[in-house]
Amino acid sequence: MSVSRDEWTAETVEEAVARALAELGLPRERVDVEVLEEPSAAGLFGFARRPARVRVRARPGFGEAARDFLRAVVDFIGLPAAVREPEATERGYLVRVEGDGAAELIGRHGHTLDALQQLAEVYATRRSGERAALLVDANGYRERRAAHLERLARRAARQVARDGKERRLEAMTPYERRIVHLALQGYPGVYTESEGEDPFRRVVIRPVKGEAAEADDVG
Amino acid sequence: MSRVGDLVAFLARSIVDYPDAVGVRETEEGETLLVELLVAQADLGKVIGRQGRTIQAIRQLARVAGHRQKRRVRVEVPDRRA
């Protein structure tokens, strides 16, 4: 039997698929099924019944699906950029796009990158049947932006701790707010909260007054 | 079909339940390229997304593709029932 076997036969389509799943060791939502032949009805004139024949293939994983999507987008736009292999992160996958053309995928405040990431995540979730968080980066933008946000957060926190007046930061995505919350976790004299509704939700840095409870609402 | 139209069609097909029903119509409007994205009625919500987030994301990428060809791009999703 060939190594790359992807066809199975049985009396019914359901049985053929079940056989394939058992052999591949995969759940139904992780494979693509193509019915090659429906079984023929019982032979009226004594013809042998023809069995059902199906092709069953493992779906790509979330990271691979995201990578494929990004490669297609880069090709359609005609950007000189390379899409790297997916890297596992604590919450999902990171896919880096690199090269001269990748700069065009960032946009103001990373809006284009967020758009790309959002669509790639929807596609990868549907294609793979896996749930995961996707981070798309272009030429190291995410790291630079995170470093910038951390500096901004600490500067604002210093002011809040000094004059006791709360500070509201600009509206940010959930991912960016999380960077700010984490940067100020344990910062003396202040606590952070998020206010408002996306896409206008923003982090507020407040002074810890007397014995006021420290809020730790990360979100 | 321009690259912009191909991209919009590809993005839509990637996220809908009925990819075969996805179609794109392009019209020149002076400097602007109008791209009308047609999808199955059942997929309208999918391409528009919560608070229009998905169609905004599609528009954002279509703009990048248009920018490479020095063109302004407008992406609309006409309601087929109209």
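Nothing here was measured: the structure is a model prediction, and the numbers come from that model. (Residues numbered from 1 in each chain as written. Chains lettered and ligands numbered in written order. Predicted model: local features only at pLDDT ≥ 70, side-chain atom pairs only at ≥ 80, totals over all residues. Heavy atoms only, no water.)

Novice: Report on the packing of aromatic side chains, specifying residues and quantitative values.
Specialist: Two numbers describe a pair of aromatic rings. These are the distance of the centres and the angle of the planes. Under the counting rule described, the total for this entry stands at four aromatic pairs over all chains. Where F62 of chain A meets Y93 of chain A, the ring centres are 5.6 Å apart and the plane angle is 15°; that geometry is what we call stacked. With F62 of chain A in helix α2 (residues 62-77) and Y93 of chain A in strand β6 (residues 92-98), this pair connects stretches of sequence that are 31 residues apart. A residue is classified by how much of its surface remains accessible, and F62 of chain A, at 0% relative accessible area, is buried. An aromatic cluster of three or more residues is present, and its members are F69, F76 and Y123 of chain A together with F10 of chain B. (Phe/Tyr/Trp six-rings, centres within 6.5 Å; stacked < 30°, edge-to-face > 60°. Helix = DSSP H or I, 4+ residues; strand = E, 2+ residues; numbered from the N terminus. Buried < 20%, exposed > 50% of the residue type's maximum accessible area, 1.4 Å probe, protein only.)

Novice: I'd like a rundown of the domain arrangement of chain A, residues and numbers included.
Specialist: Residues and elements named next belong to chain A. Under the domain assignment used here, chain A contains domain 1 (2-58), domain 2 (62-139) and domain 3 (144-207). Centre-to-centre separation of domain 2 and domain 3, based on C-alpha positions: 27 Å. On the domain 2 side of the contact with domain 3, R91, H109 and L135 bury the most area, a combined 61% of that side's loss. The interface formed by domain 2 and domain 3 includes zero salt bridges. Between the two partners, domain 2 and domain 3, sit one residue pair in polar contact (both at pLDDT 80 or more). (Domains from an automatic or database assignment. Buried area = accessible area lost by both parts, 1.4 Å probe. Salt bridge = Lys/Arg side-chain N within 4 Å of Asp/Glu carboxyl O. Polar contact = N/O pair within 3.5 Å; in protein donor to acceptor, adjacent residues only side chain to side chain.)

Novice: Could you give me a rundown of the interface of chain A and chain B, with the residues and numbers involved?
Specialist: When the parts of a complex come together, some accessible area is lost, and that lost area is often used as the size of the interface. Residue-level contacts link 20 residues of chain A with 21 residues of chain B. Regarding the contact of chain A and chain B, the summed buried area is about 1900 Å², with carbon and sulfur atoms giving 66% of it. Between chain A and chain B we count two salt bridges in total. In this structure, the salt-bridge partner of E104 of chain A is R68 of chain B, at a minimum N-O distance of 2.7 Å. For the pair chain A and chain B, the interface holds five residue pairs in polar contact (both at pLDDT 80 or more). Of all elements in the fold, only α2 and α3 (111-128) of chain A reach the threshold of two or more residues within the side of chain A that touches chain B. Residue contributions to the side of chain A that touches chain B peak at nine residues, all from α3 of chain A. For the side of chain A that touches chain B, the residue count by class is 12 nonpolar, four polar and four charged. (Contact = heavy atoms within 4.5 Å. Nonpolar A, V, L, I, M, F, W, Y, C, P; charged D, E, K, R; others polar.)

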